[in-house]
Amino acid sequence: MGKSSKDKRDLYYRKAKEQGYRARSAFKLLQLNEQFHFLDDPNLKRVVDLCAAPGSWSQVLSRKLFTEDPDKENTKDKKIIAVDLQPMSPIDNVITLQADITHPKTLAKILELFGNEKADFVCSDGAPDVTGLHDLDEYVQQQLIMSALQLTTCILKTGGTFIAKIFRGRDIDLLYSQLGFLFKRVICAKPRSSRGTSLEAFIVCMDYSPPKNWFPELDVNKSVTEFFEGCMVTKDESSNDILPAWVEEDRVIAEFMSCGGLDSYDSDATY
Amino acid sequence: MKEISHHGPGLCVKFYDEFVYAGYGPYIEQYNYKSGELINRCRVFRKNKVHGISISSNGYILAYGARSAAVCSLSDISDNVSILQEERLLAEWITCGEFSADGNKVFLLTCYNKVIISDIIGTIIGVKTIKGERSILYSGSIKPFSDELVYISAGTVMGGVLVWNLYEESIVHNLKGHEGSIFYSTISDNGKYLASCSDDRSIRLWDLKTGAELTIGWGHTARIWNLKFFQDDRKIISVSEDCTCRVWDIIVDEDGKSVLLQQSNIYEVHQIKNVWGVDVNSDHMIAVTSGNDGRLKITDLIQTSRTGKETGSFSIQKIQDELDIPFEKGEIIKGFQWFSFGLIAVTSFGKILKYGDVNKKWTLELEDKRFSSFVIVSGISSKNIAIFMNNKADILLLRFDAVGNLQLSSDYNIKGLKKSTNCLVSIFDRKSIILLLESPNPRDRLIFLKIDNYNLDILQEFRFNRPDNFVTTCMEAFEDYILLGSRFSTIGIFNLKGSDVDPYLIRKLTPGDTITSVSFVEIEKKLPIFSVTNRDGYFNFITIDLKRSSCKRVHFSVLHSNKVSKGFLEGAYIDDKNQYITYGFKSSLFYMYNETNCYEIMSEPCGGAHRQWNLFPDGRGFVLVYIKASDLHYRKIREPRFPAVLKNGLHGREIRDISILKSQPYKNGYLFCTASEDTTVRLSHFDQDTGDITNYWLQRKHVSGLQRCKFINHHLMISCSAREELFLWDIDQDSSSRPYISTRATLPTSSDIPDLRIMDFDVKFLLNSDSFLLATVYSDSVIKVWSFDEATNKFALLIEGRYETCCLLNVKLESVAKQLYLITTPTDGHVVVYNITDYIPYELADNFQFLLENFNECKTLPLPNYITKFLVHQSGIKTFCTDSESLPRTIKIFTGGDDNAIAMNILKVDADSLGIISSSSSFIEDAASSTITSISLFDKNRKLMMTSVDQLVKVWDVTGDDLVPIDKRYTTIADTGSLDVVTLEDSSTLSLIGGVGISLWKLAF
Ligand SMILES: C[S@@+](CC[C@H](N)C(=O)[O-])C[C@H]1O[C@@H](n2cnc3c(N)ncnc32)[C@H](O)[C@@H]1O
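What counts and what doesn't
Residues numbered from 1 in each chain as written. Chains lettered and ligands numbered in written order. Predicted model: local features only at pLDDT ≥ 70, side-chain atom pairs only at ≥ 80, totals over all residues. Heavy atoms only, no water. Helix = DSSP H or I, 4+ residues; strand = E, 2+ residues; numbered from the N terminus. Rg over C-alpha atoms; globule rule 2.2 N^0.38 Å. Buried < 20%, exposed > 50% of the residue type's maximum accessible area, 1.4 Å probe, protein only. Contact = heavy atoms within 4.5 Å. Lys, Arg positive; Asp, Glu negative; His and termini not counted. Charge placed at Lys NZ, Arg CZ, Asp CG, Glu CD. Near = heavy atom within 4 Å. Polar contact = N/O pair within 3.5 Å; in protein donor to acceptor, adjacent residues only side chain to side chain. Areas by Shrake-Rupley, 256 points an atom, 1.4 Å probe, with all protein chains shown as cover. Nonpolar A, V, L, I, M, F, W, Y, C, P; charged D, E, K, R; others polar. Phe/Tyr/Trp six-rings, centres within 6.5 Å; stacked < 30°, edge-to-face > 60°. Salt bridge = Lys/Arg side-chain N within 4 Å of Asp/Glu carboxyl O. Pairing = 2+ DSSP bridges. Axes fitted to C-alpha atoms, helices over the stretch in contact; angles between N-to-C directions. Arc of directions from axis to C-beta. UniProt positions renumbered as here; feature names shortened; annotations may be inferred. Buried area = accessible area lost by both parts, 1.4 Å probe. Domains from an automatic or database assignment. Core = buried A, V, L, I, M, F, W, Y, C linked by side-chain atoms within 4.5 Å.

Draft legend 1. Summary view of the overall build of chain B. Counting secondary structure elements, chain B contains two helices and 86 strands. Over its C-alpha atoms chain B spans a radius of gyration of 33 Å, differing by no more than 12% from the 30 Å that the globule rule assigns to 1005 residues. Each of the three principal axes of chain B carries a C-alpha extent, and together these read 90 × 90 × 45 Å. Every one of the 1005 residues in chain B was classed for burial, and the buried ones make up 65%. Summarising the internal contacts of chain B: among those between residues at least 6 apart in sequence, 48% fall at separations of at least 24. Computing the positive centroid from 109 side-chain charges and the negative centroid from 123, chain B places the two 4 Å apart.

Draft legend 2. Structural detail: the site of the ligand. All names here are of chain A. Near the ligand there are 19 residues, and of these Gly 55, Ser 56, Asp 84, Asp 100 and Asp 125 occur at the shortest range. One of the backbone nitrogen or oxygen atoms of Ala 52 is found 3.4 Å away from an oxygen atom of the ligand. Between Trp 57 and the ligand, the recorded distance is 3.1 Å, taken from a backbone N or O atom to an oxygen atom. Considering the ligand on its own, with 610 Å² of exposed area, one finds that the protein chains cover 85% of that surface. Class assignment for the residues of the shell around the ligand results in ten nonpolar, six polar and three charged.

Draft legend 3. How the structure looks around the packing of aromatic side chains. Residues and elements named next belong to chain B. With the rule as written, the count across this model stands at 61 aromatic pairs over all chains. Residues Tyr 33 and Phe 642 carry aromatic rings whose centres are separated by 5.9 Å and whose planes lie at 55° to one another, so their mutual orientation is tilted. In this pair, Tyr 33 sits in the loop between β4 (27-32) and β5 (38-43) while Phe 642 sits in the loop between β56 (631-638) and β57 (645-647), placing the two residues 609 residues apart along the sequence. For Tyr 33, a relative accessible area of 2% translates into the label buried. Given the relative accessible area of 7%, Phe 642 is considered buried.

Draft legend 4. Spotlight on the pattern of salt bridges. The final tally for this structure, using the stated rule, is 64 salt bridges over all chains. Put simply, Lys369(B) and Glu367(B) hold a salt bridge, and the shortest N to O gap is 3.3 Å. Residue classification places Glu367(B) among the partly exposed positions, given a relative accessible area of 40%. With a closest N to O distance of 3.9 Å, Lys818(B) and Asp846(B) form a salt bridge. In this pair, Lys818(B) is assigned in the loop between β70 (808-816) and β71 (819-826) and Asp846(B) in the loop between β73 (842-844) and β74 (851-853), connecting sequence segments 28 residues apart. Through salt bridges with shared partners, a single network forms among Arg170(A), Asp171(A), Asp173(A), Glu248(A), Arg251(A) and Lys47(B).

Draft legend 5. Focus on the sheet that holds strand β86 (residues 989-1003) of chain B. All names here are of chain B. Taken in spatial order, the three strands of this open sheet run β1-β86-β85, and their pairing is antiparallel. Each having just a single partner strand, β1 (2-7) and β85 (974-983) make up the two edges of the open sheet. Averaged over all pairs of adjacent strands, the angle between their axes in this sheet comes to 30°, without regard to strand direction. Two strands pair when backbone bridges link them, and β1 and β86 are joined in this way by five bridges, in the antiparallel orientation. Directly across from Glu 3, in β86, lies its bridge partner Trp 1001.

Draft legend 6. Spotlight on helix α2 (residues 11-19) of chain A. Residue and element names in this part refer to chain A. For α2, every residue scored as buried is listed here: Leu 11, Tyr 12 and Ala 16. Buried residues in α2, looked at end-on, bunch into an arc of 135°, giving them a common side. The exposed set on the far side of α2, more than 90 degrees from its buried face, consists of Lys 17 and Glu 18. Downstream of α2 by one or two residues, Gly 20 has phi in the positive range, about 80°.

Draft legend 7. Local environment of the UniProt feature "repeat: WD" (unreviewed entry) in chain B. Residues given the UniProt feature "repeat: WD" (unreviewed entry) here are residues 175-216 and 217-250 of chain B. In the segment residues 175-216 of chain B, helix accounts for 0% and strand for 55%; the C-alpha atoms at its two ends are 13 Å apart.

Draft legend 8. Representation of the interface of chain A and chain B in the model. Counting residues at the interface gives 62 residues for chain A, matched by 74 residues for chain B. Across the interface of chain A and chain B, roughly 5700 Å² is buried in total on both sides, 55% from carbon and sulfur atoms. Considering only the side of chain A, the residues that lose the most area to chain B are Arg170(A), Leu243(A) and Trp246(A), jointly responsible for 15% of the buried surface there. There are four salt bridges connecting chain A and chain B. Across the pair Arg168(A) and Asp898(B) runs a salt bridge, and its minimum N-O distance is 2.6 Å. Scanning the region where chain A abuts chain B turns up 31 residue pairs in polar contact (both at pLDDT 80 or more). Counting only elements with at least two residues in the side of chain A that touches chain B, the list comes to α1 (3-9), α6 (134-155), α7 (172-179), α8 (224-227) and β8 (255-259) of chain A. With six residues, the top contributor of residues to the side of chain A that touches chain B is α6(A).

Draft legend 9. Spatial organisation of the domain arrangement of chain B. When cut into domains, chain B gives domain 1 (11-213 + 271-288), domain 2 (304-466), domain 3 (468-563), domain 4 (757-927) and domain 5 (937-1005). Centre-to-centre, using C-alpha coordinates, domain 1 of chain B lies 53 Å away from domain 4 of chain B.

Draft legend 10. A look at the nonpolar core. All names here are of chain A. Grouped together as the largest cluster of nonpolar side chains are 59 residues, with contacts concentrated most on Phe 162, Ile 203 and Phe 228. Element by element, the count of residues in this core is highest for α6, at eleven residues. Ignoring sequence-local partners within four residues, the contact set of Phe 162 consists of Val 122, Ile 145, Ala 148, Leu 149, Thr 152, Leu 156, Phe 183, Ile 203, Val 204 and Cys 205. Judged by nonpolar contacts, the second largest core, of 34 residues, contains Tyr 12, Leu 39, Val 60 and Val 94.

Draft legend 11. The sheet that holds strand β33 (residues 361-367) of chain B, seen in detail. All names here are of chain B. The four strands are arranged β30-β31-β32-β33 in an open sheet whose pairing can be described as antiparallel. Because the sheet does not close on itself, it has two edges, and the strands there are β30 (333-339) and β33. Averaged over all pairs of adjacent strands, the angle between strand axes in this sheet comes to 20°, irrespective of strand direction. Pairing geometry for strand β31 (residues 342-347) and strand β32 (residues 351-356), over five bridges, is antiparallel. Residue pairing for β32: Ala 345 is matched across the bridge by Leu 353. The sheet contacts of helix α2 (residues 316-323) involve β30, β32 and β33, and relative to β33 the element is tilted by about 80°.

What follows is the structure in structure tokens.
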């Protein structure tokens, strides 16, 4: 059965249509916010939506920051930047960028748009194409998160929030452990609008506080792994003289939180 | 806890010497491809899978996968169970690994386009990259032309192939043309070409010197994962998500200017999805492929020309020229029969011709004008007898010797038929054959002639009344009975020794129409078993009690029922390896298919089922003879030169549930069922010592991905899926050759919403009976309770109701204190308990294990309100099990959730109110780092086994107030989702764990 035919029967799909959202994913962000209230902060000004197409998260951000803000004065230095490989049709109050988030030039553009001011909130709902090789798919997804994180470390203010889509496979605890080096609190959250049968969940990383002696610096000649050297425990081979022996790496189980309340619709149910 | 065996996706394969080395999970398996023997299985990585293998000219092997790499000598792989001490861990994913030309160095290309150069023992010699090109790769390969010149071809996610010079760290080409991610690229040995494949389903061939795109190969219907040049770079083989492997010829035109990629062959090699690995042995012209289904398949690339004598064809003109006698205008071949010496054919003018397969010559055997315009040819190849019949009931019998000399001919005219239009023959006993003559007139009787093999005398004649709507299509003789298959899915049984002139009839055996074969298989419990095939694809195994049967009633039962995956089914047989082989047509192809292990044996583009064709056994295999465009063609089908498979796979996609038939062992192990996302249910067997799996049957009755399968007693099994599909299966294991499985009943559905899933079910049996109470829970929050009656094979709905609006994931029926509780776990994290004792027409037997009929009126009642519900998990309870035996008046409930937690809740039944009191609980918040998918109690309910998506298997002691961890192990099965446990007679415990593949574990504490 095709994924699309399933989506059509989905209640969230219909609800998205009703409320004018471009995708059912909007409810994932809304339900995450119901739990963590990161979008309810009146001081929220600059936000970045990575891997944003078709744009339902950006729509949520636009409504939260602009439409629903009672204090219209407050909106003048607010800014939303949405980035995706795919083109996106315009959304009110959102600056869209068609770019690859893994490319260093993308960061430069975002920084420029913010006038070199830091962002308060970065989210990423990105997912690469799946091949069906479970380990490779999980790795590539984690690398996309690391790319998003790489950007994030260069633009997020200390104390800011980063959220990203994850797939809870066999090495997810490795990622949790790595995120622990950059954020004070890392939670794995599953909105009720995300299907229970899928491995999808979201990491909610709060209170950004990079290590004191580490200064993120984008370099086109460095890979993501090399970028995080000195911040995380990973070591690249150039610094070794032999191929390192296998070691059991640090793994941490992040706290799990279900979001969206039990009264919200169940995405696994047939209505 | 110890893993005994692992069956799962095979990611890479390599020929070397007389061996195939296969990356199989974290192991390398070494096979002799001539004998098919497994030489050794060596563990190379702790957790990672072997994605690639390279072998050096001086006998070293490099294995890499994920971030792991290991180098050792080939003999280390043959001689050891593990080389884990050699495992190295890199910081980045290894996309490709290769030895240098002299074999002394190792190159490892990582997914960020960096190459690490080391020596054999792992000393790093250098690290190479190209500036500014450090984005992620899906694929890449390394081509060491010499010690100085090494090319890297890197497949990016943006449609480009980046070719760079390793030592110069310079870009040679950036090949652009593909759309989407590049999944493979490779350079030919002669340095002329680079071939690449991608998301866009095309293969592109590039000129390595100029970087020009030479040609594009289209054909695959899904993504392409791997490519290989072979036969001196003149051919390419490709493997894809579409389950096929294809061979492409590189055709260069005379002036060498234009190059074409032409698909020359296509092979269906794996099931459902994804072929990952491929290699070719050009000396023997065989390919080996590995796929997600865990199969290691050998494909003969020259199956039809291996000895040069496999195929042949003759036009009428060619035959005429050779015979040197004139044919009449419009004279054509009307019929044929193949023998070990060659072919006997008859023309439309009564010329009986012989083709000698040894001297390759046509001769005119005789001419008989009676067999001109209408003639049917049949025969018994093993007895060298050919039979001709015309529509006036003249028959001519010819007997040849082993080399094809005509020994004897006899002819007869059979009286009593107005017309004769059908003639079938079959071996009757050692000395005689049996012939059936049939007239188109329904009032004419059916005539059987028993004919002596040797002197061709008619020994006996039998005449039977012809039943209504009976058109014979096939015949089988068994003892004194003749079984005829007919249209309208009817079988007629004719007792040659009895006094009855009417046959015994089995009507409407399968949903299809024409029965295409009936053949005796074996005797089980003194009764014969027959395999029956139907043109519409259905096949059955039935047992018939011939002695007790009469024309009033046939005593038979269906042991096995199934349907082929596609096409028309013309016949089937069991081969000498106890595998069920089917054959027939799919569109214009004739095919033979190994049904037991689910792979195609051969296919021949013969134009389709409406052709005149026949498949003849000739002592060395089979010969397919057919007429296409009035030419006569033959194709010999021989035992393959090399084994067709080195390892049989299991499912092509995730295994969602496993159930072991625990009540009795079967052949040093147990039978078990697996229910898969690929919509099939398999019945297989595992050996308890080796962990080897034998496939028996793959059932295709479900049309949607499976949710559950479970043995409910010693011979009944239930499976369920979306579209409200729930089937009751009956397993017969009395035969020592193989078990059988048939659908016994189907649960009625209430809607045609394809997404409405039956998520789980549970049963409670009536005492000493196959009747039971069934509870089913649905994805629309509906709960139903049914009774199943063994006599009528019918389900009756007893209770129907709805919990709320959320999906229900699991259900259990538990009885304590003479009450029957239905416990269900929805996606809202609660455990919900209903008391249904007064809603069913049964009462509980004294031990509460069984039900007794209490003869209340059987009608559908609404589901009562739940008596209690309590929140245990934050989100869906994925799995749960219960124990009502360890403590009196108590149900222990164990749950595992999407929230990484497991819990134990103790429910006590209040003696007076019969209400439920939740008394104590234990909750482990971080039992896993990901969803907990399956839990199971074992060791007399003292221990709990648990699997989770993070690929850890954990065991907990559950005897106290808290859950205490005792053991944890990593499993190599990805998407770990199901498990079942069986305790052996020696009280040791075995467990099967399923996901993308399956593994067998032995537990001892
Ligand atoms: C699930 S969709 C995002 C849906 C979006 N949040 C919404 O609510 O409409 C994932 C997106 O990730 C994007 N993506 C994947 N890899 C990317 C990359 N490297 N750079 C930018 N976008 C990427 C894809 O193009 C795709 O549009």
